[in-house]
Amino acid sequence: MSERNADVVVLGAGIVGVSTAYAARQRGMSVVLIDRREPGSETSYGNAGIISSGSVSPLNNPSLWKSLPKYLGNRHAALRWNPLWAVRNAGWVARFLANSATSRFEPRATALHGLIGASARLHREWIVKAGVGHRLRETGWLRAWRSDAVASAKQEQAMLADYGIASELLDRQAISALEPDIVPVYKVGLLHTETASVDSPGAVVKAYARMLEGAGGEVRRAEIKAITPDGNRWRVVLASGEISARHVVVALGPWSADILRPLGYRVPLAFERGYHREFKPNPARSLRRPVYDIDGGFIMTPMEQGIRVTSGVELTDRDAPSSFAQLDQVVPLARGVAEFGDAVGEAWRGSRPTLPDSLPMIGPAPRHAGLWLAFGNQHIGFTTGPATGAAIAAMISGAPSSYDVAPFAPGRYI
Ligand SMILES: Cc1cc2nc3c(=O)[nH]c(=O)nc-3n(C[C@H](O)[C@H](O)[C@H](O)COP(=O)(O)OP(=O)(O)OC[C@H]3O[C@@H](n4cnc5c(N)ncnc54)[C@H](O)[C@@H]3O)c2cc1C
């Protein structure tokens with residue numbers, strides 16, 4: 001016997017799940033959102049907080065081939081990989097690399113552009129509605145090179161312009177004018193002017209969850225054990241109790257594939273793990289916006305608690321023990337740019353959930369009515385969570401989505 005009935009149960013209260021639940025509630029459905037932790041406590045907590053209008057180019061883009069030799073030695077801070085993992089996941093690696101073909105760039109960038117644009121609009125609306133508008137900074141995102149990379153910066157600027165995304169090319173002096181308190185180590189910069197950032201992504205997700213509760217949605221803390229079809233409904237089995245729902249949305253981020261396996265779906269989801277560490281800021285020497293040190297392979301973001309330094313990608317099993325080698329490599333580099341004090345708290349680790357084409361799954365499960373998939377948002381899930389959720393809510397209601405969801409159809413892999 002189920003203890004509760006709902007139109008929609010959303011599994012996972014990261015940015016994707018919270019957004020889905022809120023968007024479904026806005027459409028008048030009864031909604032229960034479930035997570036074993038508080039909303040926004042996992043991947044959606046530890047990211048760099050960038051709402052990136054310009055991230056239309058996935059990591060596996062045509063320039064990846066050129067960069068591969070520098071990653072093969074497994075010493076670069078931007079990308080580390082576990083050779084045993086690579087052998088065991090050779091199929092995923094091959095598919096990921098195949099997607100970096102030139103012919104695969106434009107369709108994926110166009111798809112991401114639609115998703116990102118819709119999502120950035122929702123973030124700007126919801127963050128104010130949720131009462132945390134003060135966390136949003138419209139100061140852009142600075143991508144900076146230590147090397148004389150004018151050609152690379154211009155190439156990126158031209159690609160952004162193809163999608164109508166504005167940016168400004170900066171020299172050393174212009175970078176100093178923008179960030180007067182950092183050491184002038186960067187020769188070239190590209191400011192993504194339409195990009196915003198927040199000073200606590202976890203707090204923003206929590207505020208969206210409170211907004212959901214205020215609108216009549218239920219947020220429940222429970223371990224999700226399984227989902228099973230039950231006539232034309234679903235049974236969501238929790239560690240304590242069950243819920244019956246007409247629709248179930250899987251928004252479990254890097255844990256999404258696990259719950260789908262018993263239903264016969266083998267999802268090719270890999271984990272681009274990443275780390276962060278935060279440091280006490282020096283109030284006299286502040287950072288105004290997130291800065292991506294491209295040659296160093298790290299991002300520094302000013303956060304509520306201090307300067308958050310995030311590392312590049314580590315390709316290995318989701319639950320393998322942490323390796324702080326990348327953080328250890330980049331923190332001294334970051335200290336050479338921005339002045340900050342001692343570490344605040346422990347180092348954090350998370351997993352960017354990534355499918356071989358770097359596009360999320362947004363849509364119905366191919367063989368089960370009422371089962372919806374919303375995960376795989378890779379490096380830009382904080383940005384793309386709202387419109388991922390809004391599209392799922394629209395599809396459940398039989399309404400059109402505000403952007404083209406066809407490229408994100410789960411049926412392309414399962
Ligand atoms: C270092 C780093 C930096 C990043 N920087 C950015 C950035 O600047 N901008 C950006 O847009 N994106 C960024 N990202 C990516 C972004 O953080 C993720 O894509 C996004 O947070 C994924 O959200 P999600 O809701 O899918 O997953 P999650 O936030 O992980 O949510 C999944 C939820 O499912 C819950 N769950 C799992 N299993 C169970 C279970 N059995 N029972 C109950 N609950 C369960 C978890 O507790 C969790 O809360 C970054 C990622 C990393 C790692």
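Only a predicted model underlies this, so the values are computations on that prediction, with no experimental measurement involved.

This brings us to the pairing of strand β1 (residues 4–11). Pairing analysis gives seven bridges linking β1 to strand β13 (residues 242–250), with the strands arranged parallel. Directly across from V9, in β13, lies its bridge partner V248. Sheet topology note: the β1/strand β2 (residues 31–35) ladder contains four bridges and is parallel. Its bridge partner being in β2, V10 is matched across the sheet by L33. You can see the chain leave β1, run along helix α1 (residues 15–26) and come back into β2, and the turn it takes is right-handed.

Moving on, we get to the UniProt feature "domain: FAD dependent oxidoreductase" (unreviewed entry) in the protein. Feature annotation in UniProt places "domain: FAD dependent oxidoreductase" (unreviewed entry) on residues 7–395, given in this structure's numbering. With 33% helix and 29% strand, residues 7–395 has its two end C-alpha atoms placed 14 Å apart.

Tallied over the entire structure, the rule returns 22 salt bridges. One salt bridge in this structure joins R261 and D258, with 3.8 Å as the shortest N-O distance. In this structure, the salt-bridge partner of D319 is R318, at a minimum N-O distance of 3.1 Å. One continuous salt-bridge network, built from bridges that share partners, spans D258, R261, R318 and D319.

Here we take up the nonpolar core. V10, Y208, V249, Y403 and F408 are the most contacted members of the largest nonpolar core, which has 64 residues in total. Top element by residues in this core is helix α6 (residues 105–129). It accounts for eleven residues. Taken domain by domain, this core gets at least three of its residues from each of domain 1 (4–46 + 203–268 + 357–412) and domain 2 (66–101 + 136–196 + 270–354). If we skip the residues at most four places from it in the chain, V249 touches V8, V9, V10, L11, T20, W372, A374, I392 and I396. Counting 32 residues, the second-largest nonpolar core is a separate cluster that includes A6, A222, Y265 and L373.

Let's shift gears to the domain arrangement of the protein. Taken as a whole, the protein is organised into domain 1 (4–46 + 203–268 + 357–412) and domain 2 (66–101 + 136–196 + 270–354). Centre-to-centre, using C-alpha coordinates, domain 1 lies 29 Å away from domain 2. Tallying the contact residues gives 15 residues for domain 1 and 17 residues for domain 2. Buried surface at the junction of domain 1 and domain 2, both sides included, amounts to about 1400 Å², of which 54% is carbon and sulfur.

This part covers the packing of α1 against helix α12 (residues 381–397). Where α1 contacts α12, the two axes come as close as 7 Å, and the packing angle between them is 35 degrees. With respect to the hand of their crossing, α1 and α12 are arranged in right-handed fashion. For the pair α1 and α12, contact is made by I15, V16, S19, T20, A23 and A24 and by G381, F382, G385, P386, T388, G389, A390, I392 and A393, respectively. Taken together, the residues of the contact of α1 with α12 sort by class into nine nonpolar, six polar and no charged.

Inspection of the entire model under this criterion finds nine aromatic pairs. Here the aromatic rings of W126 and Y208 are separated by 5.7 Å at their centres, their planes lie at 90 degrees, and the arrangement is edge-to-face. Here W126 is found in helix α6, whereas its partner Y208 is found in helix α9 (residues 201–214), with 82 residues between them in sequence. The same class applies to W126 as to Y208, namely buried. An aromatic cluster is defined as three or more aromatic residues linked by ring pairs; in this entry it consists of Y22, W126 and Y208. Across from the ring centre of W255, 5.4 Å away, lies the NZ or CZ of R36, which sits over that ring. Taking NZ or CZ as reference, R143 lies 5.1 Å from the ring centre of W141, over its face.

Structurally, the position occupied by D230 is in strand β11 (residues 224–230). Given the relative accessible area of 39%, D230 is considered partly exposed. Spatially, the C-alpha atom of D230 lies 21 Å from that of A257, the residues being 27 residues apart in sequence.

A few words on empty space enclosed by the protein. A probe matching the size of a water molecule, rolled over the atoms, marks out where space remains unfilled. This model, assessed by the stated rule, comprises one cavity of 30 Å³ or more. Its volume calculated, the largest cavity comes out at about 30 Å³. Contributing to the lining of the largest cavity are D181, I182, R285, S286, L287, I307, A338 and E339. Its residues assigned to classes, the lining of the largest cavity shows four nonpolar, one polar and three charged.

Our next topic: the sheet that holds strand β3 (residues 50–51). Ordered in space as β3-β9-β5, the three strands form an open sheet in which the pairing is antiparallel. The open sheet has two edge strands, β3 and β5 (136–137), and neither has a second partner. With two bridges joining them, β3 and strand β9 (residues 196–198) adopt antiparallel strand pairing. Bridge pairing in β9 links I51 to A196.

Close contacts around the ligand come from 29 residues, with D35, T43, S44, Q378 and T383 the closest. Here R36 contributes a backbone N or O atom positioned 3.1 Å from a nitrogen atom of the ligand. Between an oxygen atom of the ligand and a side-chain N or O atom of N47, the distance comes to 3.3 Å. Here the ligand, which alone exposes 1000 Å², has 97% of that area covered by the protein. Mapped onto the shell around the ligand, the elements with two or more residues apiece are α1, α2 (43–46) and α12. In terms of residue count, the dominant contributor to the shell around the ligand is α12 (three residues). Looking at the shell around the ligand residue by residue, the class counts come to twelve nonpolar, twelve polar and five charged.

The rules behind these values
Residues numbered from 1 in each chain as written. Predicted model: local features only at pLDDT ≥ 70, side-chain atom pairs only at ≥ 80, totals over all residues. Heavy atoms only, no water. Pairing = 2+ DSSP bridges. Helix = DSSP H or I, 4+ residues; strand = E, 2+ residues; numbered from the N terminus. Right-handed = clockwise from strand over helix to strand, strands pointing away. UniProt positions renumbered as here; feature names shortened; annotations may be inferred. Salt bridge = Lys/Arg side-chain N within 4 Å of Asp/Glu carboxyl O. Core = buried A, V, L, I, M, F, W, Y, C linked by side-chain atoms within 4.5 Å. Buried < 20%, exposed > 50% of the residue type's maximum accessible area, 1.4 Å probe, protein only. Domains from an automatic or database assignment. Contact = heavy atoms within 4.5 Å. Buried area = accessible area lost by both parts, 1.4 Å probe. Axes fitted to C-alpha atoms, helices over the stretch in contact; angles between N-to-C directions. Left-handed = near helix turned anticlockwise from the far one by under 90°. Nonpolar A, V, L, I, M, F, W, Y, C, P; charged D, E, K, R; others polar. Phe/Tyr/Trp six-rings, centres within 6.5 Å; stacked < 30°, edge-to-face > 60°. Lys NZ or Arg CZ within 6 Å of the ring centre and 35° of its normal. 1 Å grid on protein atoms, 1.4 Å probe; cavity = no way out; pocket = protein on both sides within 12 Å on 5 of 7 lines; lining within 4 Å. Points joined across faces, edges and corners; volume = space filled by probe spheres on them. Near = heavy atom within 4 Å. Polar contact = N/O pair within 3.5 Å; in protein donor to acceptor, adjacent residues only side chain to side chain. Areas by Shrake-Rupley, 256 points an atom, 1.4 Å probe, with all protein chains shown as cover.

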